[in-house]
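# A structural walkthrough
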Amino acid sequence: MRTNLAESSPTIFEGDGELRSRMRDLDWHQTNLGVPHDWPSALKLYTQLILDAQQAMFLAWGEGLAFLYNDKYAPILGAKHPNALGKPFAKIWSDIWQQIKPLVDQTMAGQASWHEDLLIPMRRNGYLEDAWFSFSYTPIRDETGEIAGMLCAATETTDKVLAERRQRDERERIKEMFEQAPGMMAMLRGPEHVFELVNPAYQKLLPGRALIGQAVRQALPELSGQGFFELLDGVFKTGQPYVGQAVPVRLQNASGHEEKFFDFVYQPLRDADGRVTGIFVEGFDVTDSLAAARALHDQTRTLELLNATAAEVSGYLDLDALVQKVVDAGVEMTGAQFGAFFYNHVDAAGERYTLYSLSGAPREAFSSYPLPRNTHVFAPTFRGDGVVRSDDILKDPRYGQNAPYHGMPAGHLPVRSYLAVPVKSRSGEVIGGLFFGHGNTGVFTERAERLVVGLAAQAATAMDNARLFANVQNLNSNLEALVAERTADRDRMWRLSTDIMLVAKFDGIISAVNPAWTSLIGWKEDELLGSSFFDLVHPDDLAETQAEAGRLADGLSTLRFENRYRHKDGSYRWISWIAVPDEKLIHAVGRDVSAEKQAADDLRQAQEALHQVQKMETVGQLTGGVAHDFNNLLQVITGNLDILMRKLPQDEPRLIRSAENAMAGAKRAAVLTERLLAFSRRQPLAPTPVEPNKLVAGMSELLHRTLGETIELETVLASGIWWTEVDANQLENALLNLAVNARDAMPEGGKLTIETANTHIDRSYAGRNAEVTPGQYVLLCVSDTGTGMDATTLERVFEPFFTTKEVGKGTGLGLSMVYGFVKQSGGHVKVYSEPGHGTTVKIYLPRLLRTSSLDTEAVVPTIPDGEGSETILVCEDDSQVREFSVEMLQDLGYNVLEAADGPAALRLLERRADRIDLLFTDVVLPNGMTGAVLADKAKTMRPDLKVLFTTGYARNAIVHHGRLDAGVELITKPFGYADLAARVRDILDR
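Parameters and conventions
Residues numbered from 1 in each chain as written. Predicted model: local features only at pLDDT ≥ 70, side-chain atom pairs only at ≥ 80, totals over all residues. Heavy atoms only, no water. Salt bridge = Lys/Arg side-chain N within 4 Å of Asp/Glu carboxyl O. Helix = DSSP H or I, 4+ residues; strand = E, 2+ residues; numbered from the N terminus. Buried < 20%, exposed > 50% of the residue type's maximum accessible area, 1.4 Å probe, protein only. 1 Å grid on protein atoms, 1.4 Å probe; cavity = no way out; pocket = protein on both sides within 12 Å on 5 of 7 lines; lining within 4 Å. Points joined across faces, edges and corners; volume = space filled by probe spheres on them. Nonpolar A, V, L, I, M, F, W, Y, C, P; charged D, E, K, R; others polar. Core = buried A, V, L, I, M, F, W, Y, C linked by side-chain atoms within 4.5 Å. Contact = heavy atoms within 4.5 Å. Pairing = 2+ DSSP bridges. Axes fitted to C-alpha atoms, helices over the stretch in contact; angles between N-to-C directions. Phe/Tyr/Trp six-rings, centres within 6.5 Å; stacked < 30°, edge-to-face > 60°.

Going by the annotation in an unreviewed UniProt entry, the name recorded for the protein is histidine kinase, with Devosia subaequoris given as the source organism.

Structure, rendered in structure tokens:
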């Protein structure tokens, strides 16, 4: 029977709201309360109270504590609403009854209570969730004064609690980032700039100084007069940040003052009202990078000077100005104090040479001394025997070997460092010598020698051209007067010259050519006469050649014009022309400059290769650092997952599967960090002698499975292939990465070919490619018939994270790993590709002359325990990694000591008299002591102590040229339970 509440209780539920409506419609006979008309006055009053309230409230009344609540409370109930209305309190909250029953009993006993941010796990939406509430429980009484129920005013604070937690976690994360930041950071408080916080990087810059609580002027007095105090005052006063770049700073250290350069920012900190209360300081030490940039600038400047000098002197026809330019350039490139050019003209006595040009010192400095003599020091240069370079000429065995046997005259310009290079013409004649000197010893390097040798070659060419032009000009200007006298000379020069000579009309028809045309470009005289020289010009140079002929027709001379002429065999030669016109004809002399063009092109390619190597090295340093930090994180993750998987009960398949999925994801992340380390050349390699053919053949089945049925695999293995010494596993990974890339480039199927061969890299190729050494190499060539790549993609193909694949289908680390591994192994890698014509990747690995097979059978890993009496000292600065390592070793049955850095580990070794069997230490440790240094000191204290290193980033402490130092044992992060157990047991059992 339903009661019409509108009649039986007309005032209790009147008004708007969902709960009022539901209460009006509820069949109260089904509840412990009965119809509202019969409710006690107190219950009606409290019901009206909660319905009118603007705060979430409920009341529980009578037998079973029937549950009534308002609209504000409904969201707290979740899926329990609206069925909770009128139900017993214990039934509604059965999922948390054990937690709240004591509170209910306390309230029904007459004691009110208040609870703030109380955690109450609830199943209100069909699943268990954590919820927090601030609420009060108040006992309520009926008309007789007896406690008949309880009243609750509640506020759900879940969002607030979670927000506070996130805020606290964020503060901790920021603090950790502050502590671990690679750059120096500090917080300064107030107008006196008092140190409030400094990170380890800042403190490392000023070892031994107590900074916290000190004003900047007291803590760093040596900065006085350098402008930094004034900058800080200005930032604090104006509120404007200051950014400095490559600013010099003189700091005081144990050995005196040291100058460093910093990029830094002073950022004002403000309070809620916008007032400046302090300054945040962040900076980076750029001393090394600035020095590297300056060195690169010096090298670039030298190359530019060499090229500019070559271009400038090639057009000089004034011999004096030409030689002076060359000597000045030599002084600048070598850093000499003075330089000179001596013409190879011996006096009548056959002893002295003629001074031609001088730079860096006045000619008067030599006027009072005899000219150079034909001595043991000077003669080799003028004979053209080669370069003479001495770090200290006074100690050179050739010095002072001629009478009067006392070397340089008294008062002579001081010369200790000495460099002399002969200048030879194309005919082999020694024109003279370039000589450079400096008063200090050890000034001239091999690089300076190479530069001057190149300069001397350019000078010889330009001097030949100038003398030749002078001869041509002189021939034309004095032709009538000297025709008879010079005819024989002209004929000899015409016949014997190694330069091609040409007489032609302005329309290009050839009137005369000398025999050099045959020797230089293969054409005989009868094949050329009457033809047009335009027919021999390269099509790309034809328009400019015709324009130059037009200028000659206008009466202008050609001082240097270069174009390409077709050889009779179809190839082209670069010719540099000097030409003068008369009224009807062109008279021209051309020199083959193909070799010089090739040398300039080689230099350009070498510069481009150098820039690419520098870019890849910079990116490698960045990726190596990221991989190091990530490996530490992965160690904590995989280690704890390992422990969790071993301790999970077997009757929890869902938890086991979740843990296994998490471990699989962590291992995939470890593979990515391994590839990052491979690219940055920081992975520790284990090179062994490898027979390439055997390795490729052994991968055949794996490659077939990887490529699939639509791609044909062909291997072309050369006989007599040389051995190489590399990490076989990494080489297999490299080939597999290349195969996967090839497969993705052939979505419709195709063919993959793997070839092996013996090859040789010559000096010319090595010179055009940075980090390549001439010599014998084993070549592995991987070719596909896929889509290929354009030039823009090829330029970036080895950059980490660069990929042309769709999102989610590639990490962009495959080729980066191949590049890093090959370079770390002393090899070279080259990619050839064109759109639509597939891709070929060539891997060059150094030949190994010593060959011996080191094949071993695979061993099934076991997990050996400790013997219970053995003690291991763990040294690891990362607290989470250290905690995991200690727990794992203790679980294996070892006694474990732990230390957070090298000094702490040494103190343990000093203080403990009992036996310590093994030191297990990270390579990279704080406080100025690496793991390698710790191991050396520890073994000095305990010679029988065994050492196992671990690292996520193979720095040079124990790894050199990609190889572990002899006798070093290493396990890389992240490592697992079984890996660590096996390595420790293996080392202790030796």
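More follows now that the structure is in view.
Okay, the pattern of salt bridges next. Side chains that differ in charge, positive against negative, can pair when their charged atoms come close. For the coordinates displayed, the defined rule picks out 29 salt bridges. Of the charged contacts, one joins aspartate 285 and lysine 260 as a salt bridge, the two residues approaching to 3.3 Å between their closest N and O atoms. Here aspartate 285 is found in strand β10 (residues 276-285), whereas its partner lysine 260 is found in strand β9 (residues 256-270), with 25 residues between them in sequence. Classification of aspartate 285 by relative accessible area gives partly exposed; the value is 40%. Overall, lysine 260 belongs to the buried group, its relative accessible area being 18%. Between arginine 275 and aspartate 273 there is a salt bridge, and its shortest N-O distance comes to 3.5 Å. With respect to burial, arginine 275 and aspartate 273 carry one shared label: exposed.

The subject of this paragraph is empty space enclosed by the protein. As enumerated under the stated definition, the model contains five cavities of 30 Å³ or more in all. Reported here for the largest cavity is a volume of approximately 240 Å³. Contributing to the lining of the largest cavity are 17 residues, with Met184, Tyr202, Leu220, Leu223 and Tyr266 lying nearest its centre. Listed by contribution, the elements that provide at least two residues to the lining of the largest cavity are β6 (184-189), α8 (200-205), α10 (228-238), β8 (242-253) and β9. Broken down by class, the residue content of the lining of the largest cavity amounts to 17 nonpolar, no polar and no charged.

Attention now moves to the nonpolar core. Ranked by size, the top nonpolar core spans 51 residues in total, and within it Phe67, Leu68, Tyr69, Tyr73, Phe89 and Trp93 carry the most contacts. Ignoring anything within four residues of it in the chain, the contact list for phenylalanine 89 reads Phe58, Ala60, Gly64, Leu65, Phe67, Trp97, Ile100, Val104, Tyr137 and Met150. Core analysis: the second largest hydrophobic core is formed by 36 residues, Val690, Tyr819, Phe821 and Val829 among them.

Let's shift gears to the sheet that holds strand β28 (residues 871-875). Ordered in space as β29-β28-β30-β31-β34, the five strands form an open sheet in which the pairing is parallel. The strands lining the two open edges of the sheet, one partner per strand, are β29 (895-899) and β34 (970-972). Neighbour to neighbour, the strand axes of the sheet diverge by 20 degrees on average, direction disregarded. Strand direction decides the pairing type here: strand β30 (residues 918-922) and strand β31 (residues 946-951), joined by five bridges, are parallel. By the bridge assignment for β31, phenylalanine 920 is matched with leucine 948. Sheet strands in contact with helix α30 (residues 931-941) are β28, β30 and β31, and its direction is about 160 degrees off that of β30. Across the sheet, helix α31 (residues 977-988) lies against β28, β30, β31 and β34, angled at about 155 degrees from β31, the strand it touches most.

Counted by the stated rule, this structure contains 25 aromatic pairs. Taking 4.6 Å as the distance between ring centres and 50 degrees as the angle between the ring planes, the aromatic pair formed by phenylalanine 533 and phenylalanine 534 counts as tilted. Look at phenylalanine 533 and you get buried, because its relative accessible area is 5%. Look at phenylalanine 534 and you get buried, because its relative accessible area is 15%. Pairwise contacts between aromatic rings join Phe58, Phe67, Tyr69, Tyr73, Phe89, Trp97, Phe135 and Tyr137 into one cluster.

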